[in-house]
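Okay, here's what each chain looks like letter by letter:
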Amino acid sequence: MYSFLDRSFAFHQQDDSSHKSIAPQWLESLPLVTEADDLANYQGYFAYQQVAGEDALSFFAQLDKQWVSISVDLVGGQVAYRRQQGGGRKQHIAKACGLKSNRNPTVLDATGGLGRDAAELRNLGCELRVVERSPYVASLLQDAISRAQANPETNQLFSQGFELHHGQAIDLIEQLSAEQQPDIIYLDPMFPPRNKSAAVKKEMRLVKRLVGEDPDADNLLPVALANAAKRVVVKRPSYAPYLNQQKPSMSIESKGNRFDVYLMTRFSNGN
Ligand SMILES: C[S@@+](CC[C@H](N)C(=O)[O-])C[C@H]1O[C@@H](n2cnc3c(N)ncnc32)[C@H](O)[C@@H]1O
């Protein structure tokens, strides 16, 4: 059974009316720390900080003896660039998911993480059910979804057709009714990075602090194959072996990544 109990994080309750100071629902069990000096006793902490003029839930930890932080942004930055100028349905992720201009498939993103891929698929017109089991990562993502819902530019995208569930994806997938069966199940479990670019390195290192390694990732594939209506798409670094060592119907190479596509015509009981 995967456990989060070995992590020692806190919530920094700031005595400062310019920031939110109440821990979000999934972080309620964290110790509340009011004195900034006491935060060094923890492996990391959550607090609200101003990012692009808004209070964003952020995770802080020390990397190489420096405090650094991450928060999720589904409105600005790279996500905005992709939303406004992105390669549309010619993108690798769109090809891997088989997106056609006349159809908007339903996607279950079983490994939500910081929501980048889910936001991209939503921008491309898919309806998303996103699952994330880490209460830490799910809290960062939920906070970003709330900010995106409050923003007029992204309200429609994230208020309808985009749901986050905090929990174990395998359980959730197995409990779906026939009507809830998604067209596509999308998987992107953790895999040790080779990319040494400073930004990726920082983000990946912080996410790894939060969730560890996903040692049970192989278990996701058989459940996904048994429950997707049309295809399962697995994102892997180019150098990674196939998930569960199972050869896909096809692979689409992207920059540094590979999308392994399992078509249900081949994998569902020979239909
Ligand atoms: C590499 S990250 C995903 C990144 C994501 N695709 C993005 O664009 O931000 C993998 C995430 O999947 C989550 N995860 C792994 N296995 C899971 C499972 N069985 N159920 C739910 N979440 C899972 C981990 O907690 C981690 O946050």
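Rules behind the numbers
Residues numbered from 1 in each chain as written. Predicted model: local features only at pLDDT ≥ 70, side-chain atom pairs only at ≥ 80, totals over all residues. Heavy atoms only, no water. Salt bridge = Lys/Arg side-chain N within 4 Å of Asp/Glu carboxyl O. Helix = DSSP H or I, 4+ residues; strand = E, 2+ residues; numbered from the N terminus. Buried < 20%, exposed > 50% of the residue type's maximum accessible area, 1.4 Å probe, protein only. Domains from an automatic or database assignment. Contact = heavy atoms within 4.5 Å. Buried area = accessible area lost by both parts, 1.4 Å probe. Patch = residues over 30% accessible without salt bridge, like charges linked within 9 Å, V, L, I, M, F, W, Y side chains within 5 Å. Areas by Shrake-Rupley, 256 points an atom, 1.4 Å probe, with all protein chains shown as cover. Lys, Arg positive; Asp, Glu negative; His and termini not counted. Charge placed at Lys NZ, Arg CZ, Asp CG, Glu CD. Pairing = 2+ DSSP bridges. Axes fitted to C-alpha atoms, helices over the stretch in contact; angles between N-to-C directions. Polar contact = N/O pair within 3.5 Å; in protein donor to acceptor, adjacent residues only side chain to side chain.

As for the pattern of salt bridges
Tallying each qualifying case throughout the model produces 10 salt bridges. Here lysine 235 and aspartate 117 are joined by a salt bridge, their closest N and O atoms 3.1 Å apart. Of this pair, lysine 235 sits in strand β10 (residues 231–237) while aspartate 117 sits in helix α3 (residues 116–123); the two residues are 118 residues apart in sequence, bridging distant segments of the chain. Aspartate 117 sits in the buried class, given a relative accessible area of 11%. Here glutamate 163 ties to arginine 129 by a salt bridge, and the two come within 3.5 Å at their closest N and O atoms. Of this pair, glutamate 163 sits in strand β8 (residues 162–166) while arginine 129 is found in strand β7 (residues 127–132), placing the two residues 34 residues apart along the sequence. Under the relative-accessibility criterion, glutamate 163 is labelled partly exposed at 38%.

Side note on the domain arrangement of the protein
Under the domain assignment, the protein is made up of domain 1 (9–70) and domain 2 (77–267). Put simply, the middle of domain 1 and the middle of domain 2, counted by C-alpha atoms, are 27 Å apart. Listed as interface residues are 22 residues of domain 1 and, on the opposing side, 17 residues of domain 2. When domain 1 packs against domain 2, the two sides together hide about 1,800 Å² of surface, and 70% of this comes from carbon and sulfur.

Describing a negative patch on the surface
A cluster of acidic residues, Asp15, Asp16, Glu35, Asp37 and Asp38, forms a negative patch on the protein surface. Here aspartate 15 lies in the loop between β1 (9–12) and β2 (32–33).

With respect to the sheet that holds strand β9 (residues 184–187)
Sheet strands pair via backbone hydrogen bonds, and the direction of the pair is either parallel or antiparallel. If you trace the 7 strands from one edge of the open sheet to the other, you get β8-β7-β6-β9-β10-β12-β11, paired in mixed fashion. Each having just a single partner strand, β8 and β11 (250–253) make up the two edges of the open sheet. Looking at each pair of strands side by side, their axes are set apart by 20° on average, direction ignored. Of the strands in this sheet, β7 and β8 are in contact with helix α4 (residues 135–150), which crosses β8 at around 155°. Sheet strands touched by helix α8 (residues 220–227): β9, β10 and β12 (257–263). Its angle to β9, the strand with the most contacts, is close to 165°.

Quick word on the side chain of aspartate 143
As for its placement among the helices and strands, aspartate 143 is situated in helix α4. Engagement of the side chain of aspartate 143 in a polar contact is seen with the side chain of arginine 147, the distance being 3.0 Å. Apart from the residues within four sequence positions on either side, aspartate 143 is in contact with Lys20, Tyr48, Asp55, Ala56 and Leu57.

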